[in-house]
Amino acid sequence: MADTPIKVGILGLGRSGWGIHWRMIKTISDRFQVVAVTDEIPERLSESAKEIGCKAYPDVESLLADPEVEMAVVSTFNHFHAPHARLALQAGKHVLCEKPFGLTVADVDGMIADAESAGKVLAPFQQRRYEKDFQKVSEIIASGVIGEVVHIRICWQGFKRRWDWQTSRQRAGGALNNNGPHPLDHAVSLFGEDVMPDVWAQGKRYLCSGDAEDHLKFILSGEGHPTVEVELTD
């Protein structure tokens, strides 16, 4: 007998919830099925639910009360990620949470505690660690074929001017929370996860239409590990 697809509810139907998660899920319908969605824009909610062929809920709480939903994809505004993930876990759902996974250590500790208490899977959406080019770089470094690696430089330079909510500090926007988790994830992986690195970081606002930083630079360093330098222009 074939396995039954996991029933999914998507929280937030913007660029991530609709453009990334729904687009991917519909290609693996034998494993996952979207049964419910919610979004704060009524027109977008109704149109998306109609196209998917699923239930539309006016708010997060209503969706999470649906017993058919087994897993919640949290793709709401950045500052809602941890609160919505915790609500989903407390409602007995597995959770895939968009980045930023949490804004503080307390956020993440609370999410992990809720997942353990509920006996549910909690996972950050860090899909770019599985990109073929990054995997190949990691493989080469780990093999030792190029000798000891003492310095790594990662540059993500978009040179575009953003106008959306992700330029707002009130909604936890900015380069660090938006695209920053991806190169940071790469940097930590290449540095090594066995020790806590020394960190130097700087964020500045240049062309952003809001009040958040659009340029980010940070350096990870530590004895016995490569220095990893990251520069991101959003």
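Remember, it's a predicted structure, so these values are computed and weren't measured experimentally. (Residues numbered from 1 in each chain as written. Predicted model: local features only at pLDDT ≥ 70, side-chain atom pairs only at ≥ 80, totals over all residues. Heavy atoms only, no water.)

A word on the sheet that holds strand S8 (residues 198-204). Reading across the sheet, the 4 strands line up as S7-S10-S9-S8 and stay open at both edges, with mixed pairing between neighbours. Both edges of this open sheet fall to strand S7 (151-157) and S8, since each of them pairs with a single strand only. Recorded for the sheet is a direction-independent mean angle of 5° between the axes of neighbouring strands. Sheet topology note: the S8/strand S9 (residues 215-221) ladder contains 7 bridges and is antiparallel. Across the sheet, the residue bridging to Val199 is Leu220, located in S9. Packed onto the sheet, helix H7 (residues 181-191) meets S7, S9 and strand S10 (227-233) and runs at close to 170° relative to S7. (Pairing = 2+ DSSP bridges. Helix = DSSP H or I, 4+ residues; strand = E, 2+ residues; numbered from the N terminus. Axes fitted to C-alpha atoms, helices over the stretch in contact; angles between N-to-C directions. Contact = heavy atoms within 4.5 Å.)

Moving on, we get to the pairing of strand S2 (residues 32-38). Of all the 7 residues making up S2, 6 are buried; the element is thus mostly covered by neighbouring parts of the structure. Here strand S1 (residues 6-11) runs beside S2; their pairing, made up of 6 bridges, is parallel. The partner of Val8 across the bridge, within S2, is Val34. Where S2 meets strand S3 (residues 55-57), 3 bridges bridge the pair, whose relative direction is parallel. Its bridge partner lying in S3, Ala36 is registered against Lys55. (Buried < 20%, exposed > 50% of the residue type's maximum accessible area, 1.4 Å probe, protein only.)

Another aspect to go through is H7. Along H7, 8 of the 11 residues are buried, which leaves the element largely enclosed by surrounding structure. Along H7, the positions that sit buried rather than exposed are Pro181, His182, Pro183, Asp185, His186, Ala187, Leu190 and Phe191. Taken together, the buried residues of H7 touch helix H6 (132-143), S7, S9 and S10. Phi turns positive, to about 120°, at Gly192, one or two residues after H7.

What follows is about a nonpolar patch on the surface. The grouping of Ile140, Val145 and Ile146 at the surface amounts to a nonpolar patch, some 280 Å² of accessible area in total. As for its placement among the helices and strands, Ile146 is situated in the loop between H6 and S7. (Patch = residues over 30% accessible without salt bridge, like charges linked within 9 Å, V, L, I, M, F, W, Y side chains within 5 Å. Areas by Shrake-Rupley, 256 points an atom, 1.4 Å probe, with all protein chains shown as cover. Salt bridge = Lys/Arg side-chain N within 4 Å of Asp/Glu carboxyl O.)

Here we come to the pattern of salt bridges. Taken as a whole and assessed by the stated rule, the structure comprises 12 salt bridges. Of the charged contacts, one joins Asp39 and Arg44 as a salt bridge, the two residues approaching to 3.1 Å between their closest N and O atoms. With its nearest N and O atoms 3.1 Å apart, the salt bridge here joins Arg153 to Glu231. Of this pair, Arg153 sits in strand S7 while Glu231 sits in strand S10, placing them 78 residues apart in sequence.

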